[in-house]
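Overview (structure and organization)
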Amino acid sequence: LIDNIYAREILDSRGNPTVEVEITLACGHTVRAGVPSGASTGSREAVELRDGDMNRYGGKGVLKAVQLINTEIAAALINIDAREQALVDQILIDLDGTENKSRLGANAILGVSLAVARAAADVSELPLYQYIGGLGANLLPVPCMNILNGGVHARWQGPDFQEYMIAPYGAATFSEAVQWGSEVYHALRQVLLDNNLSVGVGDEGGFAPAVNSNREPLELIVKAIEKAGLRPGEDVGICMDPASSEFYEDGMYNLRSENRQLTSAEMVEYYAKLVNEFPIVLIEDGLAEDDWDNWPILNKTLGDRIEIVGDDLLVTNTKYIQKGIDLKVANSALIKLNQIGTLTETIAAIQMCYGAGWGAFVSHRSGETIDSFIADMTVGLRTGHLKTGAPCRGERVEKYNQLMRIEDELGMAAIYAGRKAFINN
Ligand code: PGA
Ligand code: ZN
């Protein structure tokens, strides 16, 4: 039974305030959860409650959310069995009472939802991944490592496209995939230095060089894969998240680094060319969240060859995922806990994806804490792939490290998802 719930304000990886929740159980154990925060957020995401008090943290304080947890939410959940996750999440949703969790804040609600799951795993004396997934919790995901950052995560000089990720799917184990990823990351550092490009990093730990096109990073990454002694395509694939809602202006895609504007159809052509030329296995948010009409064209053009993921478009919300399935806009959904706000709703989103033969691509946020909940969730729900930044920076590597711990613990039972984790690859 939940004995006490206590929240406080802490800092995230960008130095902004976020919510941390502690739950103490009747047995005396205390567990903790931290809440992440995005920068290129979808406009239909559940709402993050921020104080708006310009005298503190530029208005970004979360003392209101903290206060709501310590009063209203705590009162509603004390003496409830932490193992009743669906009940707890329903109480939170009802207590909030809004469509988008704007009264209590998705940050307040998620912190509690995740801490409750951890508390339940603790009571059940199970590792979190097994509490979530039972005996089927043995599939280690392909780590999609964001080694080159652009867009709003490196606005000062990077490419328009936000994320260039490597997927070391040819490795035999998760730990070997991490090793390969790290080796490619360090090879890329050398390639950038050789080309007189900056090796400063962006929000997710990837390098943020001042390139002159969105294609150039792909060339640099292929070079780095080879330099690391690996085969582009066979051993290591490439995933991209252009996060195109961020450069979609007045119905056009504005590629500042290339000084040109493309229509939706031209943007699809642009991707098709890149897919022909580079070992790309996944494109996320290739089109914008308000460009629903053109998503089926993107999916029709490339969806039978690579994974097409909706992030800002679908916001981990079964309402939009169902619409996306019906309209054939993609073949996969990005899964971010804080886009929807509770664990139960996140699991429902993943299950809806599986029901439609879609992929479920689990993701961190650009603002993170060291909480590694998504690592356990990915194994528990067998999603086969996740993205959680570069193999660099504490808040990013903590997720990869947790996955290495899980692989170690599972021993012979652990299975590495490999290339088939990617839809239509
Ligand atoms: P965000 O970026 O966390 O800043 O929203 C991640 C993404 O777009 O996938
Ligand atoms: Zn995205």
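What you see is a predicted model; the values in this text were computed from it and never measured.

Parameters and conventions
- Every chain is numbered on its own, with residues counted from 1 as its sequence reads.
- Key to labels: chains lettered from A, ligands numbered from 1, both in the order written.
- Thresholds applied to this predicted model are a pLDDT of at least 70 for local features of residues and 80 or more for the giving and counting of side-chain atom pairs; totals over whole chains, interfaces and linings are not thresholded and use all residues.
- Side-chain numbers here rest on the full set of heavy atoms in the structure, without hydrogens or water.
- Coordination here is defined by N, O and S atoms within 2.8 Å of the metal (3.2 Å for Na, K and Ca), and since water is not considered, a site can look incomplete.
- For helices the rule is a DSSP run of H or I covering at least 4 residues; for strands it is a run of E covering at least 2, with both sets numbered from the N terminus onward.
- The buried label applies to any residue whose accessible area, calculated with a 1.4 Å probe on protein chains only, is under 20% of its type's maximum; exposed applies above 50%, and partly exposed to all values in between.
- Strand pairing is assigned whenever DSSP identifies at least 2 bridges connecting the two strands.
- To get an axis, a line is fitted to the C-alpha atoms, and for a helix only the part in contact is used. The angle between two axes follows their N-to-C directions and goes from 0 to 180 degrees.
- The contact rule is simple, with two residues in contact once any of their heavy atoms fall within 4.5 Å.
- In this analysis the probe radius is 1.4 Å and the grid spacing 1 Å, with only protein atoms considered; a cavity is a set of points the probe fits into but cannot get out of, a pocket is an open set with protein on both sides within 12 Å along at least five of seven lines, and lining residues have an atom within 4 Å of a point.
- Grid points are joined across faces, edges and corners, and a volume is the space filled by probe spheres set on the points.
- Residue polarity follows a fixed list, in which Ala, Val, Leu, Ile, Met, Phe, Trp, Tyr, Cys and Pro are nonpolar, Asp, Glu, Lys and Arg are charged, and the others, Gly among them, are polar.

**Regarding the coordination of the zinc ion (ligand 2)**
Those donors, D241 (OD), E284 (OE) and D311 (OD), are the protein atoms that reach the zinc ion (ligand 2), and they lie 2.0 to 2.2 Å from it. Each donor residue of the zinc ion (ligand 2) belongs to the same chain, with the gaps between them written as D-x42-E-x26-D. Taken together, the residues E284 in strand β11 (residues 280–284) and D311 in the loop between β12 (307–310) and α9 (318–326) connect sequence positions 27 residues apart. Residue D311 is classed as buried on the basis of its relative accessible area, which comes to 2%.

**Concerning the sheet that holds strand β7 (residues 237–241)**
Adjacent strands of a sheet pair through backbone hydrogen bonds, lying either parallel or antiparallel. Strand order in the closed barrel formed by eight strands is β5-β6-β7-β11-β12-β13-β14-β15, with mixed pairing between adjacent strands. Going from strand to strand, the sheet's axes swing by 30° on average, the running direction of each strand aside. Pairing geometry for strand β6 (residues 163–167) and β7, over five bridges, is antiparallel. Across the sheet, the residue bridging to Y164 is M240, located in β7. This element, helix α8 (residues 295–302), spans β11 and β12 of the sheet and lies at about 160° to β12.

**As for the pairing of β6**
Among the five residues that make up β6, five are buried, leaving the element largely enclosed by the rest of the structure. Alternating positions in β6 separate into two faces, E163, M165 and A167 on one and Y164 and I166 on the other, with burial throughout. Pairing analysis gives four bridges linking strand β5 (residues 142–149) to β6, with the strands arranged antiparallel. Bridge assignment links M145 to a residue of β6, and that residue is I166.

**A look at empty space enclosed by the protein**
Taken as a whole and judged by the stated rule, the model has two cavities of 30 Å³ or more. In this structure, the largest cavity spans a volume of roughly 120 Å³. In this structure, the largest cavity is lined by 16 residues; those nearest its centre are P36, L114, L337, E368 and I374. Those elements giving two or more residues to the lining of the largest cavity turn out to be α10 (337–340) and α12 (373–380). For the lining of the largest cavity, the residue count by class is six nonpolar, five polar and five charged. Put simply, the second largest cavity is a space of about 70 Å³. Lining of the second largest cavity is provided by 16 residues; of these, S40, H153, Q162, E204 and K336 occupy positions nearest its centre. Its residues assigned to classes, the lining of the second largest cavity comprises one nonpolar, seven polar and eight charged.

In short, geometric facts, not functional conclusions.
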